[in-house]
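# Survey of secondary and tertiary structure
Below, each chain spelled out in residue letters.
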Amino acid sequence: MREKLASLLFGGSCFLCRGGTDALLCAQCAAELPRLERPLCPRCALESPGGAICGRCLSQSPAYDATHAALAYDFPADVLVHALKFRGELALAPLLAGLLTGKVRSERVDHVVPVPLSAARLRQRGYNQAVEIARHLGKVDVGLCERTRDAPPQIELPYAQRQRNVRGAFRCTRALIGARVAVVDDVMTTGATLDEMARTLKAAGATHVVNWVVARTFRINEPHA
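Rules used throughout
Residues numbered from 1 in each chain as written. Predicted model: local features only at pLDDT ≥ 70, side-chain atom pairs only at ≥ 80, totals over all residues. Heavy atoms only, no water. Buried < 20%, exposed > 50% of the residue type's maximum accessible area, 1.4 Å probe, protein only. Helix = DSSP H or I, 4+ residues; strand = E, 2+ residues; numbered from the N terminus. Pairing = 2+ DSSP bridges. Right-handed = clockwise from strand over helix to strand, strands pointing away. Salt bridge = Lys/Arg side-chain N within 4 Å of Asp/Glu carboxyl O. pLDDT = per-residue confidence, 0-100. Contact = heavy atoms within 4.5 Å. Expected span 1.5 Å × (residues − 1). Axes fitted to C-alpha atoms, helices over the stretch in contact; angles between N-to-C directions. Phe/Tyr/Trp six-rings, centres within 6.5 Å; stacked < 30°, edge-to-face > 60°. Lys NZ or Arg CZ within 6 Å of the ring centre and 35° of its normal.

## A look at the pairing of strand E5 (residues 180-188)
Most of E5 sits inside the fold, with eight of its nine residues counted as buried. Bridge count between strand E2 (residues 111-114) and E5: four bridges; the pairing is parallel. Bridge pairing in E5 links His-111 to Val-181. Relative to strand E6 (residues 208-216), E5 is paired through eight bridges, and the arrangement is parallel. Paired with Val-181 across the bridge in E6 is Val-209. A crossover links E5 with its parallel partner E6, the connecting element being helix H9 (residues 192-203), and its sense is right-handed.

## A word on the pattern of salt bridges
Using the criterion set out here, one finds nine salt bridges in the structure. With its nearest N and O atoms 3.1 Å apart, the salt bridge here joins Arg-199 to Asp-195. Here Arg-199 pairs with Asp-195, and both are found in helix H9, just four residues apart, close to one helical turn. For Arg-199, a relative accessible area of 38% translates into the label partly exposed.

## Describing the confidence of the model for the protein chain
Confidence in the prediction of the protein chain, expressed as mean pLDDT, is 87, and 84% of residues score 70 or more. Within the protein chain, helix H1 (residues 2-10) has the poorest average pLDDT of any element, 50, and E6 the best, 98. pLDDT under 50 marks residues 220-225. Its contacts with residues more than four places away, or in other chains, come to 20 contacts.

## Observations concerning H9
Across its 12 residues, H9 extends 17 Å between first and last C-alpha, which sits within 8% of the 16 Å expected from 1.5 Å per residue. Judged by how many residues are buried, H9 sits mostly within the fold: nine of 12 residues are covered. Those residues of H9 not exposed but buried are Ala-192, Thr-193, Leu-194, Asp-195, Glu-196, Met-197, Ala-198, Thr-200 and Leu-201. Gly-205 sits one or two residues past H9 and shows a positive phi near 115°.

## So, the sheet that holds E2
If you walk across this open sheet you meet the four strands as E1-E6-E5-E2, and the pairing is parallel. Taken across any chain shown, the strands that pair with only one partner, and hence form the sheet edges, are strand E1 (66-72) and E2. Recorded for the sheet is a direction-independent mean angle of 20° between the axes of neighbouring strands. Where helix H5 (residues 92-104) meets the sheet, it contacts E1 and E6, and its direction lies at approximately 135° from that of E1. Sitting on the sheet, H9 is in contact with E2, E5 and E6, with an inclination near 165° to E5.

## Some points on the packing of aromatic side chains
Remark: the centre distance and the inter-plane angle together describe each pair of aromatic rings, the angle taken between the planes. Applying the stated rule across the entire model yields zero aromatic pairs. A cation sits over an aromatic face here: Arg-18 above Phe-15, 5.3 Å from the ring centre. Its end group placed over the ring of Phe-218, Arg-38 keeps NZ or CZ at 4.7 Å from the ring centre.

Encoded structure:
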């Protein structure tokens, strides 16, 4: 199905290099994706010797319990994520979700929840890229968590302001007593949005919140917020 969709939408050419292929990406471009295979902190998915919980998570414990990421947010992964998020290339959603599937296949969760957009931003964009990715990772509970207010995009703000920007920005629509929840997003940068999502879900009764993200940025000496 994915190969047929690629041929239909891209005329049998690779999305990245436009070379001939029956898939969304040719074999060479697929091989160049920055897959995360080095030791990472199981909590925040930043590099950590031996895959131990990093010092940052030990000293500034985030509300989420774990993070699984498929790619580093470097070229050409950033091109794919940007195309899905801002250019409406929805055919990329199953490809990106497929890269994440191997990381999360064995994890048992009760709910798969995409990070919600505000009503205004959803109307403007016409879709939520997190929802499109989540559709291919399990039964999606789109209405479980809502955004209560609009706010400037995180990317426009300095790191120090990102946590304040999303504080109180979400609410759960029902109780989640004892639930295990996976939160899906395209990119994890500081973790501020995902941290606030986890706080909201745990306030509703969730006992375990894990992040499922396609790509992770790697910045040295930056706080979680």
